[in-house]
Each structure stands twice: as structure tokens, then as C-alpha cells.
Amino acid sequence: MSRALLLAFALTFAAAPSARAFCGFFVGKADAQLFNKSSQVALVRDGDRTVLTMSNDYKGPLSEFALVVPVPSVLTREQIHIGDRKLLERLDAYSSPRLVEYTDPDPCMPRRSYLPMAASPMAAGVAGGRLREEAKAKGVTVEAAYTVGEYDILLLSAKESEGLEAWLRESGYRIPAHAARALAPYIRQDMKFFVAKVNLKEQKAAGFQELRPLQIAYESPRFMLPIRLGMANGDGGPQDLIIYAMTRNGRIESSNYQTVRIPSDADVPEFVQQDFGSFYKATFSRTWEQNGRRAILTEYAWNMGWCDPCAAQPLDAREMRELGVFWLDQDPVAMGRGGGMPVMLTRLHVRYDAQHFPEDLMFQETGDQQNFQGRYVLHHPFRGEMKCEAAAQYFTSLRDRRRQEASTLASLTGWSASTIQTRMGPDAIPAVAEPWWKRLWK
């Protein structure tokens, strides 16, 4: 049986054979599972050093899985590691866009003054001679071969893309059409190719039901993610990639595409709590469209020592080290400074296709440590009995607030006013409390 090669940058959507200081309560999140054709990577970067964790959500026969990733150099066995899927799930939960809620106080109760609340941080199997000779005849060199966990891994170099494509096909990989076209730019840059497939014997012995993430560590002056190979695998439609970037000095942004923040801190109607997933997908899609389908959206940027509100608890030092944050041991003083950590997490959401993202993603670390999160706010009205003159003023302000929430929701999502009014139901036009004397002689 031939193996379907994922010409991708750990792009799990291509793997299926049928080829996401505030004092409030957290009530919901929009995690990566909202988006079809999506994949996730964790990217740790400091100086020229990079540790990359690639998640695989492959659902097909394991015998047909393979993955190819351009890398800057031939990696040694010690530069390759098997990661823990739960760490990416933790990053997703911690950084997901979130919904928070507040409840209005009784307008008839005397107001108390409070001081502002301070934000508190909380193989070694080696390829045989025949494999190497067949590769050499096609201009392909098998630079190294390892077995790591449940994966057999090859490090390849190639002189020209057609030869590499031919060798992959003859080696049993079913690769997409026009693969050579996608491979060629990386060969011209003298990049190597990290190719992994499942060792069924090792996978069975390990007892894991899902493929674990692959991690690679390398040095390169180029801070980039190669996404063009993933486009060769798709059906031409846009694909989603969520990047969890951890850096020492500040958030990251793209240096060759526009990076914009997802709209945030918006008050939305109460019914959004029951359908936050649909709301956020619509908000993301509209923002993506409004930026010409060419922008990368920042969904979260925060010091990893704390959060407010917390969609999930921050990762601890051990978890961050497992993801490759190698400088924690080098900077123990900074770890205790102000309750924070010398780690900035940037969550970037990229929806890309060949037309709007013709180049790989290039990044730069900034010195910006300002915290940001995709955050949406519910305000529940006071629903108790109100017998005071302030009630009428409260209902007037409530009506104005609900009108503004409906307008904001339409602007964020593109939903029609009639749809929003229907979903809001009786809350769309709240009743105004009548003066007490109008009911006196009825």
C-alpha cells in the first residue's frame, strides 16, 4: 500500500484521506477545534535558536502517513524529540479567545466606592545501501536516518525538485500533483528535508492511540515557517494555522505580511454565550476578509507567568521547558520578578492560500510586552425586583446598551440586524419601568 505524503509544515488538515487588567468571570473560549483544516505548532525562539513542536491530527491509516518539513540543516538524532500532545492542548486552552461575564448591581441599592483592583500575576535504524544508491541516482542524498519513538525519520538533500519528487514516488509515497513546484524554492535555498513516517512496530509497542507531536531544535538566522508545501496538499481552499510563539523579550509579528489584532473588548448580547463558537468564527472570518485575506491575526499576547481572566491556568516552568523554552534555567532571577516569567506567548492565527500568501511566513521578535487578548464581554441585567426612582433610569440605560450590543455584534460578525433581533428575543427591546403612580388607580 502506498503512503500518502503530507507535503506540509506539520499541517494536520491535509492528513485526512478525504483530502481559535480585567476583573471578570471566564465563561467560554474559542479554541483551535472550531476551525476545520487547521493545524497547530509551538515555536520557541531566542536569538538564532529555534525549537519547533508540530502537532499531527492524522485520522487515516498509519501506514499511509508521512510528513516532510524543510529544515535549515541536517539534524542530529539529539535534535529530534517526541513531544506531549497535552502541552499543545494546554497552550490552546490558555490562549484561546474568551468570553467573560458581569452582572449589573441592583440599581436601587446604594453604590459603594471601591479602589481599582490591581492585576495580580498569578532509530536508530539506518537506511540501507540500496535506499541511498536509488536516492543518489535521482540527485537525492540521504544525509541521516533515525528511528525516534514511533517515527522513522530521514534527512534528505536534493539537487533538483523533479528528482526528489520522483524518488519519493518510487519509494512508495503518494504525493500531490505539482509537488516539484512546491519543493523547488527550498532546494534553491539549499534547505534540507525532514521526512517522517510511522514505524508500525514501534507505534504498537509504545501503545499510543494518536501520533505524538514531533519536536526539532535547530539554529538559523531566518525566523520563519515554511507554509508553501502545505498548499500543495490542499484542495485550493484556505487553510488555518495556529502558532504559539514563545520568546524572551516581547511578542512576535510577521515581517512580510501585515499582523493585526483580532477585535477585542467588545460588549455582546447575552445569547452569544450559547453560541460563542459560531460568533467567534464569524468575527475571525469578517476580520480576515476586511484585511484583504492577507493579514495574520494576533489572538493573544501575554506574559506566561499569569493571566486575567484565565481561560486555563498558565503553563508551569516544567511544561515550558518540555516545549523547548531553554533559557528558563539561564535566568532564574527573572522568573521570580513581579510574579511574571521571562516568556512572552504570542498566539497568531493564519488563514492562508496560495493566492494571498505566496511566500513563507517570516517573523521578527519585538520589544512589545503589552498584554493583549481576544476578549468579549456579556453584561447580565439585574433581574430582581426594583422599587425606586433609579429603576426607570436603569431601564433606559439598559435599552441603550442592548441597542449598542446589537450594533457591535453586527459590525463584528456581519450578521443581519433581523437575525440579531430574533436571537435576542424579548431582550431586544427591554420594557421601561412605568412610574408607580400610573398603576395606582387602574
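Residues numbered from 1 in each chain as written. Predicted model: local features only at pLDDT ≥ 70, side-chain atom pairs only at ≥ 80, totals over all residues. Heavy atoms only, no water.

**Thoughts on the state of the cysteines**
Next up, step 1: The full count for this structure, using the stated rule, is two disulfides.
Next up, step 2: In this model Cys-108 forms its disulfide with Cys-388; the gap between the sulfur atoms is 2.0 Å. Between Cys-108 and Cys-388 the disulfide shows an S-S torsion of about -80°. By sign, it is left-handed.
Next up, step 3: On the basis of relative accessibility, which here comes to 28%, the residue Cys-388 falls in the partly exposed class.
Next up, step 4: In this model Cys-307 forms its disulfide with Cys-310; the gap between the sulfur atoms is 1.9 Å. Here the S-S torsion is close to 100°, and the disulfide linking Cys-307 with Cys-310 is therefore right-handed.
Next up, step 5: Across the chain, the disulfide pattern expressed with sequentially numbered bonded cysteines is 1-4, 2-3. (Disulfide = S-S within 2.5 Å. Buried < 20%, exposed > 50% of the residue type's maximum accessible area, 1.4 Å probe, protein only.)

**Remarks on the packing of helix α3 (residues 161–170) against helix α4 (residues 179–188)**
The packing of two helices is summarised by the inter-axis angle and the distance between the axes.
Next up, step 1: Relative orientation of the contacting elements α3 and α4 amounts to 125°, with a least axis distance of 8 Å. In terms of orientation, α3 lies oblique with respect to α4. Crossing of α3 against α4: the hand is right-handed. The residues of α4 that touch α3, namely those facing Ser-161, Glu-162, Leu-164 and Glu-165, are Ala-179, Ala-180, Leu-183, Ala-184 and Ile-187.
Next up, step 2: Taken together, the residues of the contact of α3 with α4 break down into six nonpolar, one polar and two charged. (Axes fitted to C-alpha atoms, helices over the stretch in contact; angles between N-to-C directions. Helix = DSSP H or I, 4+ residues; strand = E, 2+ residues; numbered from the N terminus. Parallel < 35°, antiparallel > 145°, perpendicular 65-115°, else oblique. Left-handed = near helix turned anticlockwise from the far one by under 90°. Contact = heavy atoms within 4.5 Å. Nonpolar A, V, L, I, M, F, W, Y, C, P; charged D, E, K, R; others polar.)

**Examining the pattern of salt bridges**
Next up, step 1: Taken as a whole and judged by the stated rule, the model has 25 salt bridges.
Next up, step 2: The closest approach of N and O atoms between Arg-45 and Asp-48, which form a salt bridge, is 4.0 Å.
Next up, step 3: A salt bridge links Arg-347 to Asp-92; its shortest N-O distance comes to 2.9 Å. Each member of the pair, Arg-347 as well as Asp-92, carries the same accessibility label: buried.
Next up, step 4: One salt-bridge network, held together by shared partners, links Asp-92, Glu-299 and Arg-347. (Salt bridge = Lys/Arg side-chain N within 4 Å of Asp/Glu carboxyl O.)

**Topic: the confidence of the model for the chain**
In low-pLDDT segments, the atomic positions of the prediction should not be examined closely.
Next up, step 1: Residues at a pLDDT of 70 or more form 79% of the chain, whose mean pLDDT is 83.
Next up, step 2: Note that pLDDT drops below 50 for residues 1–28; the model gives that stretch 125 contacts with residues more than four away or on any other chain.
Next up, step 3: Within the model, the stretch residues 113–127 combines pLDDT values under 50 with 29 contacts to residues more than four positions away or in other chains. (pLDDT = per-residue confidence, 0-100.)

**Considerations on the pairing of strand β4 (residues 49–54)**
Next up, step 1: With five of its six residues buried, β4 lies for the most part within the structure.
Next up, step 2: Looking at chain direction, strand β3 (residues 38–46) and β4 are connected through six bridges and run antiparallel. From the neighbouring strand, Ala-42 faces β4, where its bridge partner is Thr-53.
Next up, step 3: Adjacent in sequence and paired antiparallel, β3 and β4 are bridged by two residues, among which Gly-47 carries a positive phi angle near 65°.
Next up, step 4: Examined bridge by bridge, β4 and strand β12 (residues 214–219) share six bridges and lie antiparallel to one another. Directly across from Leu-52, in β12, lies its bridge partner Ile-216. (Pairing = 2+ DSSP bridges.)

**What to know about the side chain of Thr-287**
Next up, step 1: Topologically, Thr-287 is positioned in helix α7 (residues 276–290).
Next up, step 2: If sequence neighbours within four positions are ignored, Thr-287 has contacts with Ile-262, Pro-263 and Leu-297.

**What about the pairing of strand β14 (residues 239–247)?**
Next up, step 1: The buried fraction of β14 amounts to nine of the nine residues, a majority that puts the element mostly inside the structure.
Next up, step 2: What you see with β14 is no split at all: Gln-239, Leu-241, Ile-243, Ala-245 and Thr-247 on one side and Asp-240, Ile-242, Tyr-244 and Met-246 on the other are buried throughout.
Next up, step 3: As paired strands, β3 and β14 are joined by seven bridges and run parallel to one another. What sits directly across from Val-41, in β14, is Ile-243.

**Some points on helix α10 (residues 390–413)**
Next up, step 1: Taking 1.5 Å of rise per residue, the 24 residues of α10 would be expected to cover 34 Å, and the 34 Å separating its terminal C-alpha atoms lies within 8% of that figure.
Next up, step 2: All buried positions along α10 are accounted for by Ala-391, Tyr-394, Phe-395, Leu-398, Arg-402, Glu-405, Ala-406, Thr-408, Leu-409, Leu-412 and Thr-413. (Expected span 1.5 Å × (residues − 1).)

**Examining the packing of aromatic side chains**
Two measures describe an aromatic ring pair: the distance that separates the ring centres and the angle between the ring planes.
Next up, step 1: Under the criterion given, the structure shown has 11 aromatic pairs.
Next up, step 2: Here Phe-279 and Tyr-376 contribute two aromatic rings whose centre-to-centre distance is 5.1 Å and whose plane-to-plane angle is 80°, an arrangement assigned as edge-to-face. With Phe-279 in helix α7 and Tyr-376 in strand β22 (residues 375–380), this residue pair connects regions lying 97 residues apart in the sequence. Tyr-376 carries the same exposure label as Phe-279, and that label is buried.
Next up, step 3: Aromatic ring contacts, followed pair by pair, group Tyr-94, Tyr-300, Trp-302 and Trp-306 into a single cluster. (Phe/Tyr/Trp six-rings, centres within 6.5 Å; stacked < 30°, edge-to-face > 60°.)

**Things to note about unusual backbone geometry**
For residues that are not glycine, phi is negative in most cases, and the peptide bond is trans in most cases.
Next up, step 1: Residues Asp-308 and Pro-309 are joined by a peptide bond in cis, for which omega reads -5°.
Next up, step 2: Considering the arrangement of structural elements, one finds Pro-309 in the loop between β18 (296–303) and α8 (317–322).
Next up, step 3: Of note in the backbone geometry, Asp-190 takes a positive phi value of approximately 60° without being a glycine.
Next up, step 4: In the Ramachandran plot, Asp-265 falls in the positive-phi region, its phi being about 55° despite a non-glycine side chain.
Next up, step 5: Structurally, the position occupied by Asp-265 is in the loop between β16 (259–261) and β17 (266–267).
Next up, step 6: Overall, Asp-265 belongs to the partly exposed group, its relative accessible area being 43%.

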